[in-house]
Structures are given as C-alpha cells and as structure tokens.
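# Coordinate inspection notes
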Amino acid sequence: MKYTVITGASSGIGFETALAFAARGKNLILAARRTEELEKLKAKVADVNATLDVVIRSVDLSVSTNVHEFYDSLKDYEIETWINNAGFGNFASVGEQNLNKIESMLHLNIEALTILSSHYVRDYANVEGTQIINISSGGGYKVIADAVTYCATKFYVSAFTEGLGQELIENGAAMRAKVLAPAATETEFAQRSFGIDGFDYAGALPKFHTAAQMAGFLLDLYDNDKIVGIVNGVTYEFELRDPIFTYVSKVRD
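Below, the structure is looked at part by part. (Residues numbered from 1 in each chain as written. Predicted model: local features only at pLDDT ≥ 70, side-chain atom pairs only at ≥ 80, totals over all residues. Heavy atoms only, no water.)

With that settled, consider the overall build of the chain. Counting its secondary structure elements, the chain contains eight helices and 10 strands. The C-alpha atoms of the chain give 17 Å as radius of gyration, which agrees with the globular expectation for 253 residues (18 Å, within 12%). In terms of its C-alpha atoms, the chain occupies a principal-axis envelope of roughly 55 × 45 × 35 Å. In the chain, buried positions account for 48% of the 253 residues. Of the roughly 11800 Å² that the chain leaves accessible, carbon and sulfur atoms contribute 50%. (Helix = DSSP H or I, 4+ residues; strand = E, 2+ residues; numbered from the N terminus. Rg over C-alpha atoms; globule rule 2.2 N^0.38 Å. Buried < 20%, exposed > 50% of the residue type's maximum accessible area, 1.4 Å probe, protein only. Areas by Shrake-Rupley, 256 points an atom, 1.4 Å probe, with all protein chains shown as cover.)

With that settled, consider the pairing of strand 6 (residues 176-181). Most of strand 6 is tucked away: five of the six residues are buried. After leaving strand 5 (residues 131-135), the chain enters helix 5 (residues 148-170) and then returns to the sheet as strand 6, a path that is right-handed. As judged from the three bridges shared by strand 6 and strand 9 (residues 228-231), these two strands associate in the parallel manner. Of the residues in strand 9, the one forming a bridge with Val 179 is Val 228. (Right-handed = clockwise from strand over helix to strand, strands pointing away. Pairing = 2+ DSSP bridges.)

Next up on the list: the nonpolar core. With 34 residues, the main nonpolar core has Leu 61, Phe 70, Trp 82, Tyr 120 and Leu 168 as its most contacted residues. For this core, the element with the highest residue contribution is helix 4 (residues 99-124), accounting for nine residues. Once you skip the residues sitting within four places of it in the chain, Trp 82 turns out to touch Val 5, Thr 7, Phe 70, Tyr 71, Leu 74, Leu 116, Tyr 120, Gln 131, Ile 132 and Ile 133. (Core = buried A, V, L, I, M, F, W, Y, C linked by side-chain atoms within 4.5 Å. Contact = heavy atoms within 4.5 Å.)

What follows covers a nonpolar patch on the surface. A grouping of Val 94, Val 143 and Val 148 is seen on the molecular surface, where their side chains present a nonpolar patch of about 250 Å² in accessible area. Residue position: Val 94 is located in the loop between strand 4 (78-84) and helix 4. (Patch = residues over 30% accessible without salt bridge, like charges linked within 9 Å, V, L, I, M, F, W, Y side chains within 5 Å. Salt bridge = Lys/Arg side-chain N within 4 Å of Asp/Glu carboxyl O.)

Okay, the side chain of Asn 85 next. The residue Asn 85 is located in the loop between strand 4 and helix 4 in this model. Among residues more than four places away in sequence, those in contact with Asn 85 are Thr 7, Gly 8, Ile 13, Gly 14 and Ile 135.

Here Val 157 is to be found in helix 5. Spatially, the C-alpha atoms of Val 157 and Glu 16 are 21 Å apart, while their sequence positions differ by 141 residues. Those residues in contact with Val 157, other than ones at most four positions away along the chain, are Asn 109, Leu 113, Asn 134, Ile 135 and Ser 136.

Glancing now at the packing of aromatic side chains. Tallied over the entire structure, the rule returns 10 aromatic pairs. Their ring planes at 35° and their centres at 5.7 Å tell us that Trp 82 and Tyr 120 sit as a pair that is tilted. Of the two residues, Trp 82 is situated in strand 4 and Tyr 120 in helix 4; the sequence distance between them amounts to 38 residues. Each member of the pair, Trp 82 together with Tyr 120, is buried. Among the aromatic residues, ring-to-ring pairing joins Phe 70, Tyr 71, Trp 82, Tyr 120 and Tyr 124 into one connected group. (Phe/Tyr/Trp six-rings, centres within 6.5 Å; stacked < 30°, edge-to-face > 60°.)

Moving on, we come to the pattern of salt bridges. Inspection of the entire model under this criterion finds six salt bridges. In this structure, Asp 242 engages Lys 226 in a salt bridge whose closest nitrogen and oxygen atoms are separated by 3.0 Å. Taken together, the residues Asp 242 in the segment after strand 10 (238-241) and Lys 226 in the loop between helix 8 (211-223) and strand 9 connect sequence positions 16 residues apart. For Lys 226, a relative accessible area of 29% corresponds to the partly exposed category. The network of salt bridges with common partners includes Glu 36, Glu 37 and Lys 40.

The subject of this paragraph is the environment of Glu 80. Structurally, the position occupied by Glu 80 is in strand 4. By relative accessible area, Glu 80 is classed as buried at 13%. Between the C-alpha atoms of Glu 80 and Ser 158, which are 78 residues apart in sequence, the distance is 21 Å. Beyond its immediate chain neighbours, meaning those up to four positions away, Glu 80 contacts Lys 2, Tyr 3, Thr 4, Lys 26, Tyr 120, Gly 129, Thr 130 and Gln 131. At a separation of 3.0 Å, a polar atom in the side chain of Glu 80 contacts the side chain of Lys 26. (Polar contact = N/O pair within 3.5 Å; in protein donor to acceptor, adjacent residues only side chain to side chain.)

The next point concerns the pairing of strand 4. Buried residues dominate strand 4, accounting for six of its seven residues. With five bridges joining them, strand 1 (residues 2-7) and strand 4 adopt parallel strand pairing. Pairing of Val 5 across the sheet is with Trp 82, part of strand 4. Of the pairings in the sheet, the one linking strand 4 to strand 5 comprises four bridges and is parallel in character. Opposite Ile 83, over in strand 5, you have Ile 133 as the bridge partner. With respect to chirality, the unit in which strand 4 leads through helix 4 into the neighbouring parallel strand 5 is right-handed.

So far we have only geometry, and geometry alone does not tell us how the molecule works.
So, in structure tokens, the structure goes:
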C-alpha cells in the first residue's frame, strides 16, 4: 500500500491538497500541529473516499528533534509522494521582527524541509514513480518589502528544490523533485504572518487564489515533467516552467 505524505495539512493548501489526492484514490499521511483539525480533515477524506487509509501525525516540525522522529515514525509505510507544505510567513522590517518567531520560521521553512527532503531522497530516489514537491512562494523568486526574511527562506526552498530536481535527473534517479510557488492564496497565511485574528482577502487584494485552486495547480505540476510550477505575479496565471535558477552540472572526465 502506497501513501502520500503532506505536512502542514491542517488548513489551507495542505488541507485542500489532501482532498485532491484523496479524490485520486491516494492513501494519506497527514501531519500538522493541530490534532483536532487533522481529525476534521480525516473525516472529510472519508466523505471523498471511505476506502482510503488516512494516518495522522500531530507534530510541531519547527522543533528539530521532532523532524527526525516524525520521519522515523513512517518507516513501515511505502511513500510514493512527499509534499513539504508546512511553513509560515512574517511581515515586519528586519530590525523590528520578532526573533523568537523568526527562529521558528527558519527551523520550519528551511531546516525541517531540508531534513525531510534529504531523508526521503536517501530512501526513495531510485523508486519508480516517486515525487517530492516542496511549497515555496512567489516570494521565493522576488523580495517583498517587510517580508525580507520570509522571502529569503523561500528563495532557499526554490533554489534547494530546483537544484535537487536537476541533481536527481543528472544522477539518473527515478524520483522527481518539483517546487510550487503560489502568489497570494486565501489561507491562514496572512493571519499568522501579521499576528491577527482574521484577514479579508477579497477586501484587501485585487487578485488571489483559493487554497482549492492552488491544490489544483499542484496536481498540474504533479502530472507534468516540469520542475517549477509558479503563479505569475501580474496575471495570476499558473505556469509550468523549467528551472529558473542557474544549475552548474558536474564536471565529468
């Protein structure tokens, strides 16, 4: 029995991606901090397809020791797709940002994603049909005012995943690695970034996508051979692209 792992599954893109993969008959391993929300998602998945096996893991991946323990807890499952969606943002100037929050963001957006990606590649790189999809951002390709540190974490995600994708191809591996870069998406992102109770996307932004739309774009990327799936920040159209960052291949004799 094969499984799709989705981190940050309790809301937003992760939540809707779980439902989208369930509609395709995929068994799921869903991870997030909030057990109650994961249980709600599990019930919704059952409404989509009651035959699926859904495993939930309540874990805070911003804590380094939890990351390794989480991966080790899945050793008995055969994983065909790994989606690193867990992450959060921050809006504040560098000199005024809350460093406790920034430390957690760095741990989650960069460290946890790298560790989980590395474990998965190490175990599954040569397994046919496997994929890893890491969620970056439009802010992973341009720097946004008052979100400098957040954008820097997503530049890392974009560069790391594009490089991994090309490295796997260069090494003749069966696995494929891809990066999804959303623009503004109606999720809990703004609430957590600004530290507020609610955010009216329709009232504040001229254009945005719903989380369900982004899950659909993720499936488009999943089905395609391209490494990058990115929302055009001007037109808000979804584009499947070759790698954007320069990759220098190995020098061979």
